[in-house]
Amino acid sequence: MEKNIVVIKGDGIGPEVTDQSVKVLNVIAQRFNHTFHYTYSLLGADAIDKTGSPLPAETVDACLESDAILFGAIGHPKYDNDPNAKVRPEQGLLGLRKALKLYANIRPVTPYPALHFLSPVKSKLLEGTDMVIYRELTGGIYFGKKELSEDGNSASDECVYSASEITRIGKLAFEAARSRRKKLTLVDKANVLETSRLWRKVIQQMASEYPDVAVDYMFVDNAAMQLIINPKQFDVILTENMFGDILSDEASVLSGSLGMLPSASVGERTALFEPIHGSYPQAAGKDIANPVGSILSAALLLEYLGLKDEAKLVQEAVLWTLENKFVTKDIDPINFYFTSTIGDLVCDYISNNIPGVLHSDNIVLRKSTII
Ligand code: IPM
Ligand code: MG
């Protein structure tokens, strides 16, 4: 198979984690006889520095022409603390989501038994947890009219949803539930917000077309608590843009580290794959960031291209690294491996370069020097 992939490394740790995923895609291509062509494009603070715009037109064009997009991370502290900044890196990602009509952001949350000890949630609550969050990505308060009064003393962000925006992601979420444990939870704030009442109405109507799927409705404040006290009750969570942003970060603690979770953004055009973590500027360039979220995003990309065995092998390789305690500093601050070493180990596993018996001494030179 021959495919064109746009790679956007982005800001902060984006480049170093994305490099590992490209290495992984390359060994997959080698092992399974595929050809992946990469186009490198700019987005975010990196794009502002180089072109003045957070989303250069060439990036949109390249993405529209490609088969899939692999994205790293976005954001830079110099913009975070400047409320007057006219351009912001995040505008690049939001603009790209809109341009590509990526209306559904899919975030699977899988706690790994090898990492249960890291989660602030007790192991016995984590066992059996396996959920996926369907977050609406191109509507709601993120994209509503934004206003700041002339005197600068009042501001507003409008939240708008149409029934058709809810139906199109609703379909994907119902289909996903059908292929999983057949449960869908709509998370909203229908006791307060008009938009949430519309979400409820539309999903209630759709529910009759999916009689095999059990649907329940939960207010977002309660959902935030239920995610921690009883996470295994969830199968598919469907929610609007901002609730999904917040709840998916919260849910990531179930897996032990924000660095572990991948995501897929799909819509009417080319799909985009990115870890859910941010640009983590404090770690940038240090080779210590966790590349697993990005590598698992590459696995989702392979699955999307129809390469199921390839995707499975990448996921298996990641599991193997975790089970053998080949982990980055966020997981084990003392006995940790570098970002690039984890990438190499995943590649070694995929290309069958792992000896039957592991001698961690053999890998010791690639390991942290502090032990
Ligand atoms: C995410 C991020 C983005 C969002 C930011 C970087 C704009 O937090 O993908 O979850 O809020 O959607
Ligand atoms: Mg977020």
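Residues numbered from 1 in each chain as written. Chains lettered and ligands numbered in written order. Predicted model: local features only at pLDDT ≥ 70, side-chain atom pairs only at ≥ 80, totals over all residues. Heavy atoms only, no water.

**What to know about the site of ligand 1**
At step 1: Around ligand 1 sit Ile74, Glu90, Arg97, Arg107, Arg135, Tyr142 and Asp245, and that is every residue in its neighbourhood.
At step 2: Within the side chain of Arg107, a nitrogen or oxygen atom sits 3.0 Å from an oxygen atom of ligand 1.
At step 3: In this structure, an oxygen atom belonging to ligand 1 sits 2.8 Å away from a side-chain N or O atom of Arg135.
At step 4: Out of a free accessible area of 320 Å², ligand 1 has 80% covered by protein chains.
At step 5: Partitioning the shell around ligand 1 into residue classes produces two nonpolar, no polar and five charged.
At step 6: Summarising the domain contributions, the shell around ligand 1 has at least three residues from each of domain 1 (1-113 + 257-371) and domain 2 (120-255). (Near = heavy atom within 4 Å. Polar contact = N/O pair within 3.5 Å; in protein donor to acceptor, adjacent residues only side chain to side chain. Areas by Shrake-Rupley, 256 points an atom, 1.4 Å probe, with all protein chains shown as cover. Nonpolar A, V, L, I, M, F, W, Y, C, P; charged D, E, K, R; others polar. Domains from an automatic or database assignment.)

**Comments concerning the side chain of Ser255**
At step 1: Looking at the element boundaries, Ser255 is found in the loop between α10 (241-252) and β11 (262-266).
At step 2: On the accessibility criterion, Ser255 (1% relative accessible area) is buried.
At step 3: Of note is the side chain of Ser255, whose polar atom sits 2.8 Å from the backbone oxygen of Ser252.
At step 4: Contacts of Ser255, omitting those with residues within four sequence positions, involve Thr110, Pro111, Leu115, Met260 and Leu261. (Helix = DSSP H or I, 4+ residues; strand = E, 2+ residues; numbered from the N terminus. Buried < 20%, exposed > 50% of the residue type's maximum accessible area, 1.4 Å probe, protein only. Contact = heavy atoms within 4.5 Å.)

**Details of the domain arrangement of the chain**
Put simply, an interface is often sized by how much accessible area is lost when its parts join up.
At step 1: You can read the domains of the chain as domain 1 (1-113 + 257-371) and domain 2 (120-255).
At step 2: Placing a centre on the C-alpha atoms of domain 1 and another on those of domain 2 gives a separation of 25 Å.
At step 3: Counting residues at the interface gives 22 residues for domain 1, matched by 23 residues for domain 2.
At step 4: Carbon and sulfur atoms make up 62% of the surface buried where domain 1 meets domain 2, a total of about 2,100 Å² over both sides.
At step 5: When the area that domain 1 buries against domain 2 is broken down by residue, the three leading residues are Tyr103, Arg107 and Val109, summing to 34%.
At step 6: Counting across the interface, domain 1 meets domain 2 through one salt bridge.
At step 7: Summed over the shared surface of domain 1 and domain 2, the result is eight residue pairs in polar contact (both at pLDDT 80 or more).
At step 8: Residue assignment for the side of domain 1 that touches domain 2 shows that the elements contributing at least two residues are α5 (89-99), β4 (104-109) and β11.
At step 9: In terms of residue class, the side of domain 1 that touches domain 2 is built from 13 nonpolar, four polar and five charged. (Buried area = accessible area lost by both parts, 1.4 Å probe. Salt bridge = Lys/Arg side-chain N within 4 Å of Asp/Glu carboxyl O.)

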